[in-house]
Amino acid sequence: MIRCHIQRVLPASDDSVCSLCLGGRASGYVLCDGCDHMRSYHHIPRMLWTSFVAITTAVAGHGWATRLATYRGGRRGHFSQVAGVVRTYLNAHEADVERALGGTPEALVAVPSKQPDRRWDDQPLVALVDVARPLGLGPRDSLSYRGGGPRRRRRSYYPEDFAPGPDTVVGKRVILVAETWVTGGTMLSAAGALLNHGAAAVLPVAVARHADPAHWEAQASRGVPHPYWAGIQGPWSPAHWPRP
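Our subject in this report is the structure included herewith. The shown structure was predicted, so the numbers you read here are calculated from the model rather than taken from an experiment.

1. A short note on the layout of surface pockets
- For the largest pocket, the calculated volume is near 660 Å³.
- Surrounding the largest pocket, 25 residues form its lining, Arg72, Val111, Glu179, Thr180 and Thr186 being those nearest its centre.
- Contributions of two or more residues to the lining of the largest pocket are made by α3 (63–70), α6 (124–132), β5 (173–181) and α7 (185–196).
- It is β5 that provides the largest number of residues to the lining of the largest pocket, a total of four residues.
- Class assignment for the residues of the lining of the largest pocket results in twelve nonpolar, nine polar and four charged.
- Reported here for the second largest pocket is a volume of approximately 430 Å³.
- Forming the walls of the second largest pocket are 18 residues, and the residues nearest its centre are Gly24, Cys32, Arg209, His215 and Trp216.
- For the lining of the second largest pocket, the elements supplying multiple residues, two or more each, are α1 (33–41), β6 (201–211) and α8 (213–218).
- Tallying contributions element by element places β6 first for the lining of the second largest pocket, with three residues.

2. Brief notes about the sheet that holds β5
- Strand order in the open sheet formed by four strands is β1-β6-β5-β2, and the pairing between neighbours is parallel. Each edge of the sheet is formed by a strand with only one pairing partner; in this case those strands are β1 (53–59) and β2 (107–110). Taking the axes of each pair of neighbouring strands and ignoring which way they run, one obtains an average angle of 20° across the sheet.
- Two strands pair when backbone bridges link them, and β5 and β6 are joined in this way by eight bridges, in the parallel orientation. Bridge pairing links Arg173 to Ala201 in β6.
- Across the face of the sheet, α3 comes into contact with β1, β5 and β6 while running at roughly 110° to β1.

3. Quick word on unusual backbone geometry
- In this structure, Leu22 is a non-glycine residue whose phi angle is positive, near 65°.
- Among the structural elements, Leu22 can be located in the segment before α1.
- Positive phi values are uncommon outside glycine, yet Leu135 reaches one of about 55°.
- Along the polypeptide, Leu135 turns up in the loop between α6 and β3 (143–145).
- Exposure remark for Leu135: the relative accessible area of 22% places this residue in the partly exposed category.

What counts and how
- The written sequence of each chain sets the order in which its residues are numbered from 1.
- Given that the model is predicted, a residue must reach a pLDDT of at least 70 before its local features are reported, and side-chain atom pairs must reach 80 or more before they are shown or counted; all residues, however, enter totals for whole chains, interfaces and linings.
- The side-chain quantities take in all heavy atoms of the structure and omit both hydrogens and water.
- A cavity here means a set of 1 Å grid points, computed over protein atoms only, where a 1.4 Å probe fits but cannot escape. A pocket is an open set with protein on both sides within 12 Å along at least 5 of 7 lines, and lining residues have an atom within 4 Å of a point.
- Grid points are joined across faces, edges and corners, and a volume is the space filled by probe spheres set on the points.
- Numbering of helices and strands runs from the N terminus, with a helix taken as a DSSP run of H or I at least four residues long and a strand as a DSSP run of E at least two residues long.
- Amino acid classes used here: Ala, Val, Leu, Ile, Met, Phe, Trp, Tyr, Cys and Pro are nonpolar; Asp, Glu, Lys and Arg are charged; the rest, including Gly, are polar.
- Only strands that DSSP links by at least two bridges are regarded as paired with each other.
- Between N-to-C directions, angles span 0 to 180 degrees; the directions come from axes that are lines fitted to C-alpha atoms, helices contributing only their stretch in contact.
- Throughout, a residue-residue contact means that at least one pair of heavy atoms, one from each residue, lies within 4.5 Å.
- Each residue gets one of three labels from its accessible area relative to the maximum for its type: buried under 20%, exposed over 50%, partly exposed in between, using a 1.4 Å probe on protein chains only.

Quick look at the structure:
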């Protein structure tokens, strides 16, 4: 049972939501500034622009964000709570997942750690999805991070930074799980790498979409919160799927 407030994810159709990253944006636009910049400078597969799903929103400094940040350190209660959210949400949306992938998901891959020399089976996110096992899927060793050096910038798309692991995804429909979407560059790059390595389709799923209070408080107009910031304060529901 979750004993902290979890912020919800607003639907992609909302006028204050970026249709790619599901974060906030200016009214009248389709993408936020960051996603628009990334699209302008990188060729990203079309399906990755329209499929990303966040299970929750995590507000920096709040309880749910703290659980996501500390479950890696062995906090057993936090670990089981996060795993429970992942399992409950994806199991409740089996039909939505199948629609997004064009069929039954066949593989579950965790975005690999960027820490050098960290074994696949010693990564907290791998352990998390192994406990959660949404839709009956266990994690596969199908992706490793090989790095790109100092030229890499935040919010950039570099699928070549990820190498294929021993468990092939060729011809398979894959759910790719990350902890938190902050800038999105790492997750999109990992998803693109899976497609380059032969996956038939990839659904990128983040446990949480990061939100920075300082940024959104600065977006308030005459004391009225930005619609995105006001909207995510509502109660989280595992029944909500943000894509049409």
